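Letter by letter, the chains look like this.
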Amino acid sequence: MDGDNQEQGTPDKNPVPECSKYSGESSHSSNEGGEYVKRRSMVLLRNIEEAYPSESSDDEEDAAPGPEPKRPSWAPADPNTAIEISSSSVEVGGDLSASSESDEEDDDEVDDIEDPSSLSDSDSDVEKEELNLKRSFGELLRVLYKPYSDLVKLCELAFKLKDLKRIEVALLALDKGATVPAHIWLKYLKTCLVVTQTDQERDTFEEKCAKALKYHYNVPLAEFIVDYLIGRGEVENKMLWANLLADYDVERPDIGQKLLPLINKLQDEKEATAVKFQDLVKEHCVSWELNPELRNTIKSLVDEFKRCLEESKTQHSDWDWAKLHGLHVEKALELGCPKDVQNAVVRFIFERCVAKFPTADALWLEYLRFTLGTDKDEDAEKKDSGLVSRLGRGFLSNQPVELVKRAVKCRPSIRLNHKFLHVMEHADFEVKQVDEEIAELLPRMVNDMEMTVELHLDYLAYRVRNTKTNDEEAVASLRAAFQKCWDDLSASYGDQADTRYEIMQLWAQVEYSRLSNPTSGALIWRQIMGYPGANQSGHLWLSYAQMESEYNVGLGTRAILQAAMAQPLLDNGYLIQDYYRRFERCYGTCDSIAECQEMKLPPAHYTKPRQQGPPMQRKQVKVLPTKKAPESAKPAAQRANLEAKNKPKLAPKAKGAVVSEQRDSIFKYSTDMEANKVFVKNVPPSCSKQTLQDLFAPYGQIKDVRLVQKM
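Residues numbered from 1 in each chain as written. Predicted model: local features only at pLDDT ≥ 70, side-chain atom pairs only at ≥ 80, totals over all residues. Heavy atoms only, no water.

## Here we look at the overall build of the protein
Okay, so step 1: Summing up its helical and strand segments, the protein has 30 helices and zero strands in all.
Okay, so step 2: Scored against the burial criterion, the 711 residues of the protein give a buried share of 40%.
Okay, so step 3: At a minimum sequence separation of 6, the contacts of the protein that also span at least 24 residues come to 64%.
Okay, so step 4: Of the roughly 42300 Å² of accessible surface on the protein, a fraction of 50% belongs to carbon and sulfur atoms. (Helix = DSSP H or I, 4+ residues; strand = E, 2+ residues; numbered from the N terminus. Buried < 20%, exposed > 50% of the residue type's maximum accessible area, 1.4 Å probe, protein only. Contact = heavy atoms within 4.5 Å. Areas by Shrake-Rupley, 256 points an atom, 1.4 Å probe, with all protein chains shown as cover.)

## Things to note about the environment of Tyr580
Okay, so step 1: Looking at the secondary structure, you find Tyr580 in helix α27 (residues 573-587).
Okay, so step 2: Separated by 38 residues in the primary sequence, Tyr580 and Leu542 place their C-alpha atoms 9.5 Å from one another.
Okay, so step 3: Aside from chain neighbours lying at most four places away, what touches Tyr580 is Arg558, Leu561, Gln562, Met565, Cys596 and Met599.

## A look at the nonpolar core
A general trend in soluble globular proteins is that nonpolar side chains are found buried together.
Okay, so step 1: Core analysis: the largest hydrophobic core is formed by 156 residues, its most contacted members being Tyr188, Leu189, Ile225, Trp241, Leu259, Tyr459 and Trp525.
Okay, so step 2: Ranked by residues supplied to this core, first place goes to helix α15 (residues 339-356) with nine residues.
Okay, so step 3: Ignoring any residue separated from it by four or fewer positions in sequence, one finds Trp241 in contact with Val226, Leu229, Ile230, Val235, Ile255, Leu259, Leu262 and Phe277. (Core = buried A, V, L, I, M, F, W, Y, C linked by side-chain atoms within 4.5 Å.)

## What about the packing of helix α19 (residues 414-426) against helix α20 (residues 431-441)?
Okay, so step 1: Running from N to C, α19 and α20 cross one another at 160 degrees; their axes reach a closest spacing of 11 Å. Classified by the interaxial angle, the pair formed by α19 and α20 is roughly antiparallel. Both α19 and α20 take part in a crossing whose hand is right-handed. Facing α19, whose interface residues are Asn417, Phe420, Leu421 and Met424, α20 presents Val434, Glu437, Ile438 and Leu441.
Okay, so step 2: Considered class by class, the residues forming the contact of α19 with α20 number six nonpolar, one polar and one charged. (Axes fitted to C-alpha atoms, helices over the stretch in contact; angles between N-to-C directions. Parallel < 35°, antiparallel > 145°, perpendicular 65-115°, else oblique. Left-handed = near helix turned anticlockwise from the far one by under 90°. Nonpolar A, V, L, I, M, F, W, Y, C, P; charged D, E, K, R; others polar.)

## Points about the packing of helix α21 (residues 449-465) against helix α23 (residues 502-513)
Okay, so step 1: At a minimum axis distance of 10 Å, the contact between α21 and α23 shows a crossing angle of 15 degrees. Relative to α23, the element α21 lies roughly parallel. For the pair α21 and α23, the sense of crossing is right-handed. Mapping the contact onto sequence places His456, Leu457, Leu460 and Val464 in α21 and Glu502, Ile503, Leu506 and Val510 in α23.

## Describing the side chain of His328
Okay, so step 1: Mapping His328 onto the fold places it in helix α14 (residues 318-333).
Okay, so step 2: Apart from residues no more than four positions distant in its own chain, His328 is found in contact with Leu301, Glu304, Phe305, Cys308 and Ile349.

## Some points on the side chain of Lys146
Okay, so step 1: Checked against the element boundaries, Lys146 lands in the loop between α4 (125-141) and α5 (148-161).
Okay, so step 2: In this structure Lys146 is buried but unpaired, with Asp150 as the nearest side chain of opposite charge at 7.9 Å.
Okay, so step 3: Ignoring anything within four residues of it in the chain, the contact list for Lys146 reads Leu140, Leu141 and Leu151. (Lys, Arg positive; Asp, Glu negative; His and termini not counted. Salt bridge = Lys/Arg side-chain N within 4 Å of Asp/Glu carboxyl O.)

## Re α23
Okay, so step 1: Here α23 contains 12 residues, and its C-alpha end-to-end distance of 16 Å stays within 8% of the 16 Å for a straight helix at 1.5 Å per residue.
Okay, so step 2: Looking at α23, one finds that the buried residues are Ile503, Met504, Gln505, Trp507, Ala508, Val510, Glu511 and Tyr512.
Okay, so step 3: Taken together, the buried residues of α23 touch α21, α22 (472-493), α24 (518-529) and α25 (538-551). (Expected span 1.5 Å × (residues − 1).)

## Re a nonpolar patch on the surface
Okay, so step 1: Taken together, Val678, Val680, Val683, Leu695, Phe696 and Tyr699 make up a surface patch of nonpolar side chains, about 610 Å² in accessible area.
Okay, so step 2: As for its position among the elements, Val683 is in the loop between α29 (636-646) and α30 (689-696).
Okay, so step 3: Judged by relative accessible area, which is 31%, Val683 ranks as partly exposed. (Patch = residues over 30% accessible without salt bridge, like charges linked within 9 Å, V, L, I, M, F, W, Y side chains within 5 Å.)

## Considerations on α14
Okay, so step 1: For α14, built from 16 residues, the straight-helix expectation of 22 Å at 1.5 Å per residue is met to within 8% by its first-to-last C-alpha distance of 21 Å.
Okay, so step 2: Within α14, the axis deviates most sharply at Leu324, by approximately 40 degrees.
Okay, so step 3: Taken together, the buried positions of α14 are Trp321, Leu324, His325, His328, Val329 and Ala332.
Okay, so step 4: Tucked into the core, α14 has its buried residues touching α13 (292-311), α15 and α16 (361-372). (Bend = angle between axes of the 7 residues up to and from the residue.)

## Quick look at unusual backbone geometry
Trans peptide bonds make up most of the peptide bonds, and negative phi angles are found at most residues other than glycine.
Okay, so step 1: At Asp428, a residue that is not glycine, the phi angle is positive and equals roughly 60 degrees.
Okay, so step 2: Position of Asp428 among the secondary structure elements: in the loop between α19 and α20.
Okay, so step 3: By relative accessible area, which is 64% here, Asp428 ends up exposed.
Okay, so step 4: Located in the positive-phi region is Asp498, a residue other than glycine, with phi close to 50 degrees.
Okay, so step 5: Structurally, Asp498 is set in the loop between α22 and α23.

## Concerning the pattern of salt bridges
Okay, so step 1: Counting across every chain of the model gives 27 salt bridges.
Okay, so step 2: A salt bridge links Arg406 to Glu351; the nearest nitrogen and oxygen atoms lie 2.9 Å apart. Residue Arg406 is located in helix α18 (residues 400-410), and its partner Glu351 is located in helix α15; the two are separated by 55 residues in the primary sequence.
Okay, so step 3: Here the salt bridges share partners, and the residues they tie into one network are Asp175, Lys211 and Lys409.

## Concerning the environment of Leu335
Okay, so step 1: As for its position among the elements, Leu335 is in the loop between α14 and α15.
Okay, so step 2: Separated by 10 residues in sequence, Leu335 and Val345 have C-alpha atoms that sit 9.6 Å apart.
Okay, so step 3: If we ignore the near neighbours within four places in the chain, the residues touching Leu335 are Thr297, Ile298, Leu301, Gln342 and Val345.

## Looking at the environment of Val434
Okay, so step 1: Structurally, Val434 can be placed in helix α20.
Okay, so step 2: Residue Val434 is classed as buried on the basis of its relative accessible area of 1%.
Okay, so step 3: The spatial distance from the C-alpha of Val434 to the C-alpha of Phe420 is 9.7 Å, given a sequence separation of 14 residues.
Okay, so step 4: Look past the residues within four positions of Val434 in its chain and what remains in contact with it is Leu421, Met424, Phe429, Tyr459 and Tyr462.

## Things to note about the confidence of the model for the protein
Okay, so step 1: The predicted model of the protein averages 76 in pLDDT, with 70% of residues at 70 or higher.
Okay, so step 2: With pLDDT under 50 throughout, residues 1-114 is counted as low confidence; its partners more than four residues away or in other chains account for 199 contacts.
Okay, so step 3: For residues 648-669, every residue scores under 50 in pLDDT, and the model assigns this stretch 13 contacts once sequence neighbours within four places are set aside. (pLDDT = per-residue confidence, 0-100.)

Quick look at the structure:
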């Protein structure tokens, strides 16, 4: 079965799975896995060379600098402009991932890298620094899998070079690998605004503003865009205004106040247009027409939450995260205002939380739980109306699918990945759509093998739930999905991928139970047991035998258990032995039971087998008799103690009298009970506790010092 091709004809009813993880029978051996990574590296390098032909060639790096590039038509003529753009080959306003033919033609003029030795003494240090920045940028861009910190560093290098082309390439790489932080969007938009002049460029700039506002709640970014819109002096992009107010009016009602003069101006010129615009704003921004009293009530709650959020730090449990927003959400839902306004305040609370702690999956999950609602008993009509009320109408979409996509883009986690699949399934996504989302998500977590395996398992479980067993084409697609997941893990991680064979075990379980094909299930198990070390696992043998007993009426169970007991080494073998004896007592004969009892347990490789004998008894220590020492050989203190014991007991003193106690100087010392206690002999009578403390302090921490005085 070819795992790379999911469009297949009618499969064999009893297909033989081709599991490719180890060399020998593998379709992806270790060498081929290296070729797979090499091919991916070559594709990426080829893309880099197409974007940067002058930097990818050693000959061009050593070549003499070309002619001075001409200033583009859209570049500012004033040399004192705050932001200088050096790339003359970028058509501002185009897609970040697109490049025109003129880009490739002008690269040689713009991106030539000089040899540092060719720089004369008159060349400034700025040129040398720029050369080093270009080389650092190129080297970092060529790295195949970059962590988030390197992606941000790539953007910072591009901004230092003041090269719009490199900035957009770095921004695109960051957007593919993670979410773009608001401060990088802000720097990028400021850079684009410098070179925005024509109406077409302004339209494209506003599209980029709208895209930037969809990532995170960020007041400085919103203020920059509002200042740009106010500076234009008229309301042209009405949808941009409406969505922006829907997101920020709860915290910043002053933004709406800045818009009022523009609305009045529009009303004087085109009254009908102004009315339509106001209706659009009311539709998106539910708090647009709140009275001053409600505004003040919301402002006090918002200010209290912002103070709490400013003092908060990263938490380590879901319960601690809930304390960050729980109380304020309850207060917001108790406000004496319409339900839409209450939900808008709650959305603001969650958006501010995830903006400050974007990698806290507990906050994203709680935000998603609020969006979906928690009342399972309400009817469908009320549930749908409640969902509409809880959904935002601005750029920061909290539609369930969009919200969880924002979450996994910040940082995927096992819980978020599971929720992502769950939400897509309930949104009736097609299998092709789910495959596209998973393919986009997997490269972001390639460094976490456990999370990758869990995502594959969740995806396969989704495929199993949505496969009709009577559809041969769907069953073939399901088997191809299992094979592809196994091959992808093997290509990415080699022999270390899924060492517990959970994907293969799930596949065997599906063949046995859902597809009613025990022959294929047994073949998969034989493949598992053929991998090095798998036949030494008692847990794997036990799972194999249990599936055979449950779904194939135990036809091959005895042979499986006998094969397990015949292994030279077997970890947790007592599990197999116990199950084998129960199986024979239930289904066997006297002879088979006797044969089972005579089979010896194989030695374990990693763990010790269970003790079959009686529980161990603690050994008693025998004390050898010693000769009685003469009285003269006993220490003086011991003789005094014996004499005190032999004296007749006196009557007790009256109540309130002070009884003098003598400390027994005879004590026992055990190295087992007092391993950290040090006994020092021949201490002079004048020695004090402080003297001993100072004397032994350099050798470790001293808990207590006790002086035993001789009587």
